[in-house]
Structure formats: structure tokens, C-alpha cells
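For reference, the chains in residue letters:
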Amino acid sequence: MSKYIVNHDQKVIHRSSYVCDECNIPPYEHQMREDIEEDKLIHQLTDLTYIKCTNCFELILLSQKHDDSDKRI
Ligand SMILES: [Zn+2]
């Protein structure tokens, strides 16, 4: 599975590890869907009009915050 899933119809980028039901990603074979592995390709898309899905990306932020407050070395 690739790192990112792009919905070209809605111009939304999802993190494949964090997709949930609310993301409504298109099925594999759908034309509007593209699976992308490289971060730099994602940056190119966000430089256009693409946005990062809040469902996928806010989850990461939340988990990072949690990690910070619970840091053990
Ligand atoms: Zn998503």
C-alpha cells in the first residue's frame, strides 16, 4: 500500500495509514484516485489547490502531541 491516497475529484490528499470511513476515499480502480508514495509529489499537489484531509492529518497531530506529553527516554 502506498503512503498517500489522492482524490483528484475533491482535490484531497489522504494518509493511507490513517484513512477512516469519513474520508470517503474512492475505490482502487477509480479514475479519480491516485496512490502516491513520494512526499515531494504531495508537496507539488498542495502547492496547487489540493488540501490535506483533516481526518487523516489531524490524527497525526494529535498523536504527536500525545507523544510529546508522554515522552520517555
Ligand atoms: Zn482522510
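These numbers come from a predicted model, not from an experiment.

Reading guide: rules and limits
Residue positions are given per chain, counting from 1 as you read along its sequence in written order. At least 70 in pLDDT is required for a residue's local features to be given in this predicted model, at least 80 for side-chain atom pairs to be given and counted, and no such filter applies to totals for whole chains, interfaces and linings, which use all residues. Remark: hydrogens and water are excluded; side-chain values derive from all non-hydrogen atoms of the structure. The pairing test for Phe, Tyr and Trp rings, Trp by its six-membered ring, is centres within 6.5 Å, and the orientation test on the planes gives stacked under 30 degrees, edge-to-face over 60, and tilted for anything in between. Each ring is checked for a lysine NZ or an arginine CZ that lies within 6 Å of its centre and within 35 degrees of its normal; such an atom marks a charge sitting over the ring. Water is not among the atoms examined, so metal sites may look incomplete; donors are the N, O and S atoms within 2.8 Å of the metal, or within 3.2 Å for Na, K and Ca. In this scheme the shape depends on donor count and angles: four donors with every angle between 85 and 135 degrees give tetrahedral, four or six donors with opposite pairs above 155 degrees and others between 65 and 115 give square planar or octahedral in turn, and any other case is irregular. Any residue under 20% of the maximum accessible area for its type is buried, any over 50% is exposed, and the rest in between are partly exposed; the area is computed with a 1.4 Å probe on protein chains only. Helix and strand definitions here come from DSSP, where helices need a minimum of 4 consecutive H or I residues and strands a minimum of 2 consecutive E residues; each element is numbered from the N-terminal end.

Enquirer: It is not clear to me how the packing of aromatic side chains should be interpreted in this structure. Could you clarify?
Expert: A ring pair, where both rings are aromatic, is described by two values, the distance of the centres and the angle of the planes. In total, this model carries 0 aromatic pairs according to the counting rule given. Here R33 stacks its cationic end above the ring of Y28, 4.2 Å away from the centre of that ring.

Enquirer: Would you take a moment to explain the coordination of the zinc ion for this structure?
Expert: Six octahedral donors around a metal ideally subtend angles of 90 or 180 degrees, whereas four tetrahedral donors ideally subtend 109.5 degrees. Binding of the zinc ion to the protein goes through H14 (ND1), C23 (SG), C53 (SG) and C56 (SG), at separations of 2.1 to 2.3 Å. Coordination geometry of the zinc ion: the 4 donor atoms subtend angles of 97 to 116° at the metal centre, consistent with an arrangement described as tetrahedral. All donor residues of the zinc ion come from one chain, and their arrangement in sequence is H-x8-C-x29-C-x2-C. Residue class for C53 comes out buried when judged on its relative accessible area of 6%.

Enquirer: For this particular structure, what's the right way to read unusual backbone geometry?
Expert: Leaving glycine out, the prevailing phi sign among residues is negative, and the prevailing peptide bond configuration is trans. One non-glycine residue with positive phi stands out, namely K11, at about 55°. Position of K11 among the secondary structure elements: in the loop between strand 1 (4–7) and strand 2 (12–15). For N24, which is not glycine, the phi torsion reads 50° and is therefore positive.

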